[in-house]
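These are the residues of each chain, in order.
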Amino acid sequence: MTGESLNLKISNKILEGVRKLFTRNLSPDDEAPIVKSYDQGTYDRFIRPIDMLLAEDPDDHNNWTQRGISLMEHGFAHDAVESFDESISIKPRQVAAWYNRALALVDLERFEDAVKSYREAISCDSRHYSSWFNMGNSYHRLGKLDDSLAAYDRCIILNPKDPEVWNNRGNVLDDLGRKSDALSSYDRALLLNMKDAEIWYNRGIVLMDLERNEEALESFSRSLEINPEDCDTLVNNAIAQASLRRFKDAVSSLDRVLEIQPDNGYAIGIRSQYLKELETLEDSKAIQEDPSLTTGMQEDAEDEGSIVIEAELTDEILMESDELLETGKQFEDQDLFDEAIEVYDRILGINPRLAMAWNKRGLSLAKLKRFEEAIHSFDKALDIDPLDPITWNNRGNALYDTGLYDLALNSFEEAIAIDHRSPYSWNNRGLALKKLKRSKEALRSFEKATALDGSISDIWLNHGHVLCEQNRFEDALSSYNHCLALDEMDVHAWNAKGLALDSLDRLEEALDCFQNALNIDPEFIPAANNMSYIQQDLARVCRGGRSTSEETEDPVPLAENEGLDGLKDLTDSLSDEA
């Protein structure tokens, strides 16, 4: 989603002031290069003239605001916030300073603080459209969907002819699961702007969710007419084609992706699946035209070592397989994974093409930490059913546990391509991205997961961890509070919240968090260590200020959670669906 930013040139008033200052010592011929330096973006030259004005009149709030805008436009968002704060301290009720301060906070990805600034701007002018619009964007980034929707609805009251707000409103409705309402919002956006490729794309995604794939293809086609090289649209076009079993068209769309992005691993992966489906489909057509080909195909398969089932599966065999699957599940429930594997092997001896048995066998092997064998089982399941998102997710978990995070990421993205409404796959994708040090992408994955299902405490915990990695401790606290609201007995969340509070120098509150963790589990070592450290730190504060690391010999670092970003059995909730 895009947002409106305030892109102001230096005001004529300030330029006139600069001219007066410089023409005291410079000839008119020297004046032009100095004024031109505003457009060159050099920090010192760009800001110094405004600083000189402020030296003469430090209480001019307009100059402080203009200084902040100049800093923000040139990438100095943190310094910009300080300038806006100076302006606000002089004149608290002014829209420009609060609004631009919020934009700078968004640049710093401090969305909670940005929302507060937008609200201050709105308190100064309740009809300030840009503040309402961008506040809606920030709420969406925070996963606060109802608040985001309310902000966009307010924008529509103020200006019902903005296609962008209708588009963004559709995105929020989509994340809320209100597909038909989202579609109506996109349609309204297109009435106002038929040439926006993003709106056509978003409309296509919702139509796919509604299983209206023919209409989705029409939307993707319109999007590609406007932006023919957009790989996201090409990939989803391929998925929609494949859902209609038009594998040849799907492969063609993915070929175009690979012309643009030859290293697009996701496109490579699903292209391989669709080629297999296309081959199977063509073989089936060939048999229908000439039944005598069946014998030859079986002989070829046997030569390649493939499994060929010559006899049909009887009702008795199918019933026995179902009974054995139930037996395997009972063994799993008792943590008797070796016994469960024996049962699944027996099933596969009867029916080697039962993907569910291969998947469950893989899960039991993973529980025994026999990850290579588990991955092999998942691969066998995917050979039979390559469009099963749960098996792709479980395969990703096994790769994650072996430290192959890039390969795990590929598997999670395969799962999402098939079912992009699974919060578990989005969560696990975020964990893999976090391990690969791709923090911003990881955060977006966790945000997507919480938007899909805000009732899973572990996802909020992981969301908080990645915010802490970005030093966004206030935002992390909000995530940990979400987690604890769902599961107040989570010692990892209490410990993580304590760490975030410590980073904000809120030592007493941090101490309470570690104590809460220990009340739940007296043997939770990280919280015990952290509590000891905080108590020592508070003692130092009482003796005359908190010590720096230089003042303390070999300070004990705060202990992170054990298994800080672990999956915490999220895949168990999927395994029964496999």
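Rules of the game
Residues numbered from 1 in each chain as written. Predicted model: local features only at pLDDT ≥ 70, side-chain atom pairs only at ≥ 80, totals over all residues. Heavy atoms only, no water. Helix = DSSP H or I, 4+ residues; strand = E, 2+ residues; numbered from the N terminus. Expected span 1.5 Å × (residues − 1). Buried < 20%, exposed > 50% of the residue type's maximum accessible area, 1.4 Å probe, protein only. Contact = heavy atoms within 4.5 Å. Lys, Arg positive; Asp, Glu negative; His and termini not counted. Salt bridge = Lys/Arg side-chain N within 4 Å of Asp/Glu carboxyl O. Arc of directions from axis to C-beta. Polar contact = N/O pair within 3.5 Å; in protein donor to acceptor, adjacent residues only side chain to side chain. Phe/Tyr/Trp six-rings, centres within 6.5 Å; stacked < 30°, edge-to-face > 60°. Axes fitted to C-alpha atoms, helices over the stretch in contact; angles between N-to-C directions. Parallel < 35°, antiparallel > 145°, perpendicular 65-115°, else oblique. Left-handed = near helix turned anticlockwise from the far one by under 90°. Nonpolar A, V, L, I, M, F, W, Y, C, P; charged D, E, K, R; others polar.

With that out of the way, let us pick up helix H25 (residues 439-452). Side chains three or four residues apart in an α-helix point the same way, a direct result of the helix having 3.6 residues per turn. With 14 residues, H25 should cover 20 Å at 1.5 Å per step; its first-to-last C-alpha distance of 20 Å lies within 8% of that length. In terms of burial, H25 is largely enclosed, as 10 of its 14 residues are buried. Turning to H25, its buried residues are Ser439, Ala442, Leu443, Ser445, Phe446, Glu447, Ala449, Thr450, Ala451 and Leu452. Contacts from the buried residues of H25 go to helix H8 (129-141), helix H9 (145-158), helix H10 (163-175), helix H24 (423-435) and helix H26 (457-469).

Attention shifts here to the side chain of Asp162. With respect to the helices, strands and loops of the structure, Asp162 is situated in the loop between H9 and H10. Notably, Asp162 is buried but unbridged: the nearest opposite-charge side chain belongs to Arg188, and the N-O separation is 11 Å. Among residues more than four places away in sequence, those in contact with Asp162 are Tyr129, Phe133 and Leu192.

With that settled, the discussion passes to helix H29 (residues 507-520). Counted at 1.5 Å a residue, the expected span for H29 with its 14 residues is 20 Å, and the 20 Å between its end C-alpha atoms agrees. Within the sequence span of H29, burial applies to Leu507, Ala510, Leu511, Cys513, Phe514, Ala517 and Leu518. Viewed end-on, H29 has its buried residues packed into an arc of 160°, placing them on one side of the element. What points out from H29, more than 90 degrees from its buried face, is the exposed set Glu508 and Asn519.

This paragraph deals with the pattern of salt bridges. When their charged atoms lie close together, side chains carrying opposite charge are able to pair. In the structure shown here, the tally under the stated rule is 31 salt bridges. For the salt bridge of Lys179 with Asp209, the shortest nitrogen-to-oxygen distance reads 2.8 Å. Placement of Lys179 in helix H11 (residues 179-192) and of Asp209 in helix H12 (residues 197-209) is noted, with a sequence separation of 30 residues between them. On the basis of relative accessible area, Lys179 is assigned to the buried category, the value being 12%. Judged by its relative accessible area of 24%, Asp209 is partly exposed. Measuring nitrogen to oxygen at the nearest pair gives 2.9 Å for the salt bridge that ties Arg506 to Glu509. Assessed through its relative accessible area of 28%, Arg506 is described here as partly exposed.

Inspection of the secondary structure puts Asp490 in the loop between helix H27 (473-486) and helix H28 (491-503). A relative accessible area of 4% means that Asp490 is categorised as buried. Looking at Asp490, its side chain comes within polar contact range of the main-chain nitrogen of His492, at 2.9 Å.

Another point: the packing of aromatic side chains. Between two aromatic rings, the relevant description is the distance of the centres plus the angle of the planes. Counted according to the given criterion, the structure contains 6 aromatic pairs. Taken together, a centroid distance of 6.3 Å and an interplanar angle of 20° make the contact between Tyr129 and Phe133 stacked. Of this pair, Tyr129 and Phe133 both sit in helix H8, separated by 4 residues, roughly a single helical turn. Side by side, Tyr129 and Phe133 carry an identical accessibility label, which is buried. Taking 6.1 Å as the distance between ring centres and 40° as the angle between the ring planes, the aromatic pair formed by Phe247 and Tyr274 counts as tilted. Remark: Tyr274 occurs in helix H16 (residues 265-289) and Phe247 occurs in helix H15 (residues 247-260); sequence separation between them is 27 residues. For the pair shown, Phe247 and Tyr274 are each scored as buried. Ring pairing ties together the aromatic residues Tyr129, Phe133 and Tyr152, which thus form one cluster.

At a closest axis distance of 11 Å, the pairing of H8 and H10 adopts a crossing angle of 25°. When the axis of H8 is compared with that of H10, the two are roughly parallel. As H8 packs across H10, the resulting crossing turns out to be left-handed. Of the residues in H10, those in contact with Tyr129, Phe133, Asn137 and His140 of H8 are Glu164, Val165, Asn168, Asn171, Val172 and Asp175. For the contact of H8 with H10, the residue count by class is 4 nonpolar, 4 polar and 2 charged.

Function cannot be read off these values alone, since they describe shape.
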